[in-house]
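Coordinate analysis (summary)
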Amino acid sequence: MNQLRLSSMCVMLMAMESLSTFIGQAVYRVRHLLFPPRCVFCQIPLPERDGCCADCLMGIRIWPRSHCRRCGAVLSEALAPGPCGNCLRRPPPFDRSESLFCYEGPVREAILQWKLGGHPAAIHWLLDAATAHIRDVLGPEDLLLPIPMPLARMRRVGQHHAADLARWLARRGGCGWNWRILRRVGCQRRQSELSGRERQRNLRGAFALDWQSWDALHQRPARIWLVDDIQTTGATMREAARVAARLGKPLGTLSLARA
Ligand SMILES: [Zn+2]
Ligand SMILES: [Zn+2]
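Summarised in this report is the structure supplied together with it.

**A few points about unusual backbone geometry**
Here the amide bond leading from Ala 80 into Pro 81 is cis, since omega sits at 5 degrees, within 30 degrees of zero. Residue Gly 82 is joined to Pro 83 through a cis peptide bond whose omega torsion reads 10 degrees. As for its placement among the helices and strands, Pro 83 is situated in the loop between helix H2 (54-59) and helix H3 (85-89). Backbone geometry at Gln 43 places phi at a positive 70 degrees, although glycine is not the residue there. Considering the arrangement of structural elements, one finds Gln 43 in the loop between helix H1 (2-34) and H2.

**Regarding the environment of Gln 113**
Tracing the backbone shows Gln 113 in helix H4 (residues 105-115). Residue classification places Gln 113 among the partly exposed positions, given that 19 C-beta atoms sit within 10 Å. Residues within four places of Gln 113 in sequence aside, it is in contact with His 119 and Ala 122.

**Observations regarding the pairing of strand E7 (residues 251-258)**
Within E7, 8 of the 8 residues are buried, which leaves it mostly tucked inside the rest of the structure. Pairing geometry for strand E1 (residues 96-102) and E7, over 6 bridges, is parallel. Pairing of Cys 102 across the sheet is with Arg 258, part of E7. Where strand E6 (residues 224-231) and E7 come together, 7 bridges link them in parallel fashion. When the sheet's bridge partners are listed, Val 227 is paired in E7 with Leu 254. This β-α-β element, E6 to helix H11 (residues 235-244) to E7, shows right-handed connectivity.

**Considerations on the packing of H4 against helix H5 (residues 121-129)**
Running from amino to carboxyl end, H4 crosses H5 at an angle of 130 degrees, the nearest separation of the two axes being 7 Å. When the axis of H4 is compared with that of H5, the two are oblique. Where H4 abuts H5, its residues Val 107, Ala 110, Gln 113 and Trp 114 lie against Ala 122, Ile 123 and Leu 126. The residue inventory of the contact of H4 with H5, partitioned by class, reads 6 nonpolar, 1 polar and no charged.

**Let's talk about the nonpolar core**
In this structure, Leu 144, Leu 145, Ala 166, Leu 226 and Val 227 are the most contacted members of the largest nonpolar core, which totals 49 residues. Elements with a contribution of two residues or more to this core: E1, H4, H5, strand E2 (143-146), helix H8 (161-173), E6, H11 and E7. The element contributing the most residues to this core is H8, with 7 residues. Not counting the four nearest positions on each side in its chain, Leu 145 is found in contact with Asn 178, Ile 181, Leu 182, Ile 224, Leu 226, Val 227 and Ala 244.

**Side note on H11**
Taken residue by residue, H11 has Thr 236, Met 237, Glu 239, Ala 240, Ala 241 and Ala 244 as its buried positions. Elements in contact with the buried residues of H11: E2, strand E4 (182-184), helix H9 (196-203), strand E5 (207-209), E6 and E7.

The rules behind the values
- Residues numbered from 1 in each chain as written.
- Chains lettered and ligands numbered in written order.
- Predicted model: local features only at pLDDT ≥ 70, side-chain atom pairs only at ≥ 80, totals over all residues.
- Helix = DSSP H or I, 4+ residues; strand = E, 2+ residues; numbered from the N terminus.
- Buried ≥ 20, exposed ≤ 12 C-beta atoms within 10 Å, placed from the backbone.
- Contact = placed C-beta atoms within 7 Å.
- Pairing = 2+ DSSP bridges.
- Right-handed = clockwise from strand over helix to strand, strands pointing away.
- Axes fitted to C-alpha atoms, helices over the stretch in contact; angles between N-to-C directions.
- Parallel < 35°, antiparallel > 145°, perpendicular 65-115°, else oblique.
- Nonpolar A, V, L, I, M, F, W, Y, C, P; charged D, E, K, R; others polar.
- Core = buried A, V, L, I, M, F, W, Y, C linked by C-beta atoms within 7 Å.

Set out below in structure tokens:
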């Protein structure tokens, strides 16, 4: 009798399993029809699931690991990790600099899609691909501070991209982030409209610290990283770091892409 019950249960379980496989396959097919898998960078159709096509993969360049540890400038393997000549002549107000990718090709397109089009899928793909490196760079007691943008521009755009990036990096790196501590003061012109010297002048007095938010932290971080999406001349990072150095913690800069 017991054997009979056992065998009928087995038959039932097998039937349920094949039914759930059938339902799973049906859901997969419907999803394929509604949302055909595409390359997250160039949108060409892909056979299996969303991801990166072979052409885009060839165009993605990571920022060379052989760089000046202090400012991030590319160095030959023999000279890395520096310090480079610039850091010796004029040391920046931070002692580490890391960038994940070169600002070109599909990475540049991904950042434009995200910032102008509001589609961050390709950024998440890039961050997932870089997760092991992000974990190497960030420690569990580090704190990420996004480079703030002028309040008026943030209201107009409705987004704070560096803060989103800091949150995504913190999640992958297993550390904290805070968007209140480093504040923007006044409304400066866009850095991309200006030349090198003008960029520095434009940013003078642009950043301030919110000491209340700093005091409200549960624990003091081991290191602070200033986070920005794109680093070009480095003038913004330098000025923000000059202000953040007052927090009295080891300071680094971390950008998604560097030109
Ligand atoms: Zn592609
Ligand atoms: Zn350097």
